[in-house]
Each structure stands twice: as structure tokens, then as C-alpha cells.
Amino acid sequence: MIFVLALLSVATVASANPFPKGNAQAGQKLFEKYDCNSCHNSMMGGDGNKIFTRIDRRRNSPEELIDQISMCSGNVKAHFTPQETQDLAAYLNIFYKFK
Ligand code: HEC
């Protein structure tokens, strides 16, 4: 079963990726460098990542995710380049799973 799931997710990644120019690993490094979950952690009772998968999450399309990254970049006083924004989006899409 796990094997089948793995195959399915590979197929999904290959067929559709809303952030083809983003590098999820680079995005994760930025996310950690800027301590992006610092606020989300306290909002979500310790696990800030839950903000990305909560039932009533605000961002429900790739475009909205990009918008929110731009908004939250102000919170960490960062000016992300378009490439860095794509990287962050590719990383966050591990949670959002937009296709
Ligand atoms: C100063 C506090 C703060 C920091 C730091 C912060 N955020 Fe946020 N973030 C928020 C708040 C508040 C919300 C919820 C907004 C809402 O509910 O409408 C949020 C929501 C989000 C969401 C949307 C969650 C959803 O509901 O879909 C994303 C994506 C996000 N932040 C990304 C980031 C990234 C990337 C960084 C680092 C560059 C970051 N945030 C840093 C305060 C912060």
C-alpha cells in the first residue's frame, strides 16, 4: 500500500506542479532562516505548520498562497525575490498540495 501511494505521489508531481520554478529545499531553508513559524506556532498551539492544513485555512489556490507569502514576508522584514517566493511556495505546497 505504501508503495502504491509513493507511486501515486510521484505521478502527481510529474503531471502537475503549480510552482515549477520553485525549489522546495531552498524554500525550506528560507522558511527556517526567517523563523516563519514563530507567529504561527503560538497561533496554532505549538505546531505552526498546522496553519497550512487547518480546515478553515485562508489560502486555497496557488495564487493566494503567493499573495500570503508576500504579506507575511513583511512580518519578517524580508524582501523575497520572485525566485525566493517560488521556492517558499514550492516548500509550502508540501502542506497545501495544490496541483
Ligand atoms: C509576525 C507574525 C508572522 C510571521 C513572522 C509570519 N507569519 Fe504567516 N501568518 C501570520 C498570520 C497572523 C496569519 C493568518 C492570517 C489569516 O488568518 O488571515 C498567517 C498566515 C500565513 C499563511 C496562510 C495560512 C492559511 O490559512 O492558508 C501562510 C502561507 C504564511 N502565513 C506564510 C508565512 C511565511 C512564508 C512566513 C515567513 C516568511 C510567515 N508566514 C511569517 C503571521 C505571521
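What you see is a predicted model, and the numbers here were worked out from it, not measured in a lab.

### What to know about the packing of aromatic side chains
Summed over the entire model, instances satisfying the criterion amount to seven aromatic pairs. A ring pair is formed by F52 and Y96, whose centres lie 5.9 Å apart and whose planes are at 50 degrees; its orientation type is tilted. Within this pair, whereas F52 is found in the loop between α3 (37–43) and α4 (62–75), its partner Y96 is found in helix α5 (residues 82–96), the two being separated by 44 residues in sequence. On the basis of relative accessibility, which here comes to 4%, the residue F52 falls in the buried class.

### Thoughts on the nonpolar core
Nonpolar side chains in soluble globular proteins tend to be buried together. Formed by 18 residues in total, the largest nonpolar core has its most connected members in F31, F52, L65, L92 and Y96. Secondary structure elements with two or more residues in this core: α2 (24–33), α4 and α5. The dominant element in this core, judged by the number of residues it contributes, is α5, at seven residues. The contact partners of Y96, leaving out residues within four places of it in the chain, are F52, R57, R59 and L65.

### So, the site of the ligand
The immediate surroundings of the ligand are formed by 19 residues, with C36, C39, H40, R54 and C72 found nearest. In the environment of the ligand, an oxygen atom lies 2.5 Å from a nitrogen or oxygen atom belonging to the side chain of R54. Across the shell around the ligand, the residue classes break down as eleven nonpolar, four polar and four charged.

### Some remarks on the packing of α4 against α5
Two elements in contact, α4 and α5, have axes whose closest approach is 10 Å; the angle formed by their N-to-C orientations is 120 degrees. The angle between α4 and α5 falls in the class oblique. The two elements α4 and α5 cross, and the hand of that crossing is right-handed. From α4, L65, I66 and I69 reach across to α5, where they touch T85, Q86, L88, A89, L92 and Y96. In the contact of α4 with α5, the residues fall into seven nonpolar, two polar and no charged.

### Some points on the coordination of the iron atom of the ligand
Six octahedral donors around a metal ideally subtend angles of 90 or 180 degrees, whereas four tetrahedral donors ideally subtend 109.5 degrees. Around the iron atom of the ligand, the protein supplies H40 (NE2) and C72 (SG) as donor atoms, at distances of 2.0 to 2.3 Å. Taken together, the six donor atoms coordinating the iron atom of the ligand span angles of 87 to 179 degrees at the metal, a pattern that classifies the geometry as octahedral. Within this pair, whereas H40 is found in helix α3, its partner C72 is found in helix α4, the two being separated by 32 residues in sequence. According to the relative accessible area criterion, H40 is buried, its value standing at 12%. C72 gets classed as partly exposed once you look at its relative accessible area, which sits at 22%.

### Observations regarding unusual backbone geometry
Notably, K77 is not glycine yet its phi reads approximately 55 degrees, a positive angle. In this structure, K77 sits in the loop between α4 and α5. One non-glycine residue with positive phi stands out, namely K97, at about 60 degrees. Here K97 shows up in the segment after α5.

Calculation notes
- Residues numbered from 1 in each chain as written.
- Predicted model: local features only at pLDDT ≥ 70, side-chain atom pairs only at ≥ 80, totals over all residues.
- Heavy atoms only, no water.
- Phe/Tyr/Trp six-rings, centres within 6.5 Å; stacked < 30°, edge-to-face > 60°.
- Helix = DSSP H or I, 4+ residues; strand = E, 2+ residues; numbered from the N terminus.
- Buried < 20%, exposed > 50% of the residue type's maximum accessible area, 1.4 Å probe, protein only.
- Core = buried A, V, L, I, M, F, W, Y, C linked by side-chain atoms within 4.5 Å.
- Contact = heavy atoms within 4.5 Å.
- Near = heavy atom within 4 Å.
- Polar contact = N/O pair within 3.5 Å; in protein donor to acceptor, adjacent residues only side chain to side chain.
- Nonpolar A, V, L, I, M, F, W, Y, C, P; charged D, E, K, R; others polar.
- Axes fitted to C-alpha atoms, helices over the stretch in contact; angles between N-to-C directions.
- Parallel < 35°, antiparallel > 145°, perpendicular 65-115°, else oblique.
- Left-handed = near helix turned anticlockwise from the far one by under 90°.
- Donors = N, O, S within 2.8 Å, 3.2 Å for Na, K, Ca; no water.
- Tetrahedral: all angles 85-135°; square planar, octahedral: opposite > 155°, others 65-115°.

By themselves, these figures tell us nothing about what the structure is for.
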